[in-house]
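# Structural description and commentary
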Amino acid sequence: MPRAEIPLGIYLHSPFCVQHCTYCDFFTKAFPGAPQVRAYALALAAGIRNSAGDLGIRGREVDTLYFGGGTPSLLEPEDLEAILAVVTQEFRLLPSAEISLEANPESVSTDKLKAFRGLGINRLSLGVQSFQPAVLETLGRAHSAQRAKDALREARSAGFDNVSLDLMLALPGQSQETIRD
């Protein structure tokens, strides 16, 4: 199959986080508030449009779209809608495409998750890392173990049937027993 016929996978980075976790090496910025995040989303959309033309990939099929970060779930549904609109204008997003969104438990609610699902996002990756309070504290996470459980329940009730949980292993204070728990 010629290279130009192979569907693309697109990764879009949202750098905003409620707080910086001690282990994280990704480029992140403190959450500045909705107006600045909206400006970032519009700039990202413009960058997608420009890059599609500059790279000669406009009109190519896309089978994977991944919103990573940072915490892309800090974007409002309207922000993601603006980005998705440009992706669908510039590329042929396949009907079977997996559209993933990374989310941290403290950054979502049932209503927000329903709105994300309504945009066509069909996979949610929850950054849980651990369900052990002491481990979460060591990692500098902004959510509690209970909030992580609630976020998973909310994701299911919002219609997400494809949910992954990020869990970290070999952390200080972990044992085989705490990992099983």
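Residues numbered from 1 in each chain as written. Predicted model: local features only at pLDDT ≥ 70, side-chain atom pairs only at ≥ 80, totals over all residues. Heavy atoms only, no water.

### Some points on the overall build of the protein
Our working definition: Only DSSP runs of H or I covering at least 4 residues are called helices, and only runs of E covering at least 2 are called strands; the numbering of each starts at the N terminus. We compute the radius of gyration over the C-alpha atoms and compare it with the globule rule, which gives 2.2 Å times the number of residues raised to the power 0.38. Burial classes: relative accessible area under 20% of the type maximum marks a residue as buried, over 50% as exposed, and values in between as partly exposed (1.4 Å probe, protein chains only). Note on contacts: a residue pair qualifies if any of its non-hydrogen atoms lie within 4.5 Å across the two residues.
The helix and strand inventory of the protein stands at 6 helices and 7 strands. Going from the N terminus to the C terminus, the protein shows its helices and strands as β-β-β-α-β-α-β-α-β-α-α-β-α. Over its C-alpha trace the protein gives a radius of gyration of 17 Å, about what one expects of a compact globule, namely 16 Å for 181 residues. With respect to the principal axes defined by its C-alpha atoms, the protein has extents near 50 × 40 × 30 Å. Sorting the 181 residues of the protein into buried and exposed places 45% on the buried side. For the protein, long-range pairs separated by at least 24 residues make up 76% of all intrachain contacts whose partners lie at least 6 apart in sequence.

### Structural notes on the pattern of salt bridges
Heads up, the condition is: Salt bridge, as used here: a side-chain nitrogen of Lys or Arg that lies within 4 Å of a carboxyl oxygen of Asp or Glu.
Under the defined criterion, the tally for this structure stands at 7 salt bridges. Asp-79 serves as the salt-bridge partner of Arg-38, at 3.1 Å between the closest nitrogen and oxygen. Here Arg-38 is found in helix α1 (residues 34–54), whereas its partner Asp-79 is found in helix α2 (residues 77–90), with 41 residues between them in sequence. Overall, Asp-79 belongs to the buried group, its relative accessible area being 3%. For Arg-92, the salt bridge is made with Glu-61, and the minimal N-O distance between the two is 3.7 Å. You can see Arg-92 sitting in strand β5 (residues 92–103) and its partner Glu-61 sitting in strand β4 (residues 61–69), a full 31 residues away along the chain. Looking at Arg-92, the relative accessible area reads 49%, which means it is partly exposed. In this structure, a network of salt bridges that share partners links the residues Arg-49, Arg-58 and Glu-90.

### Brief notes about the side chain of His-143
Formally: Side-chain atoms alone can form a polar contact between residues adjacent in sequence; in general such a contact is a pair of N or O atoms within 3.5 Å, and within protein one must be able to donate a hydrogen while the other accepts it.
Position of His-143 among the secondary structure elements: in the loop between α4 (133–139) and α5 (145–157). Only 3.1 Å separates the side chain of His-143 from the backbone oxygen of Val-128, close enough to count as a polar contact. Not counting residues up to four positions away in its chain, the partners in contact with His-143 are Pro-105, Glu-106, Gly-127, Val-128, Ser-130, Leu-136 and Ala-148.

### A look at α2
In an α-helix there are 3.6 residues to a turn, and that puts residues three or four apart on one side. For clarity, the threshold we go by: Expected helix span is given by 1.5 Å per residue-to-residue step, counting one fewer step than there are residues.
For α2, spanning 14 residues, the distance from its first C-alpha to its last is 20 Å, which sits close to the expected 20 Å at 1.5 Å a residue. Within the sequence span of α2, burial applies to Pro-77, Asp-79, Leu-80, Ala-82, Ile-83, Leu-84, Val-86, Val-87 and Glu-90. In the core, the buried residues of α2 are packed alongside β1 (8–14), α1, β4, β5 and α3 (110–118).

### Observations concerning the sheet that holds β5
Backbone-to-backbone hydrogen bonds join strands into a sheet, with any given pair of strands oriented parallel or antiparallel. Quick reminder of the rule: In this description, strands pair whenever DSSP reports at least two bridges between them. To obtain each axis, a line is fitted to C-alpha atoms, and for helices this fit is confined to the stretch in contact; angles are then taken between N-to-C directions over 0 to 180 degrees.
Strands sit in the order β1-β4-β5-β6-β7 across an open sheet of 5 strands; the sheet is parallel. The sheet is open, and its two borders are formed by β1 and β7 (163–167), each paired with just one other strand. Each strand of the sheet is rotated relative to its neighbour by a mean of 20 degrees, with strand direction disregarded. Here β5 runs beside strand β6 (residues 123–129); their pairing, made up of 4 bridges, is parallel. In the strand pairing of β6, Glu-102 is matched with Ser-125.

### Side note on the nonpolar core
Quick reminder of the rule: Buried residues of nine kinds, namely Ala, Val, Leu, Ile, Met, Phe, Trp, Tyr and Cys, make up a nonpolar core once their side-chain atoms join them within 4.5 Å.
Ranked by internal contacts, the top residues of the largest apolar core, which has 38 residues, are Leu-12, Phe-67, Ile-83, Phe-91, Leu-124 and Phe-160. If one sorts the elements of this core by residue count, α1 sits on top with 6 residues. The residues contacting Phe-67, other than those within four sequence positions of it, are Leu-12, Pro-72, Leu-80, Ile-83, Leu-84, Ile-99, Ser-100, Leu-101 and Glu-102.

### Details of the pairing of β5
To keep things clear, this is the line we draw: Seen with its strands pointing away from the viewer, a crossover is right-handed if its path from the first strand over the helix to the second goes clockwise.
Judged from the 6 bridges that link them, β4 and β5 form a sheet pairing that is parallel. The residue of β5 that forms the bridge with Thr-64 is Glu-98. In the classification by handedness, the crossover that spans β4, the intervening α2 and the parallel β5 is right-handed.

### Describing unusual backbone geometry
Peptide bonds are, in most cases, trans, and in most cases residues other than glycine have a negative phi. One non-glycine residue, Gln-129, lies in the positive phi region at around 70 degrees. Positionally, Gln-129 belongs in strand β6. For Gln-129, a relative accessible area of 9% corresponds to the buried category. For Ala-170, which is not a glycine, the phi torsion comes out positive at approximately 65 degrees. Within the element layout of this structure, Ala-170 appears in the loop between β7 and α6 (176–180). With a relative accessible area of 76%, Ala-170 lands in the exposed category.

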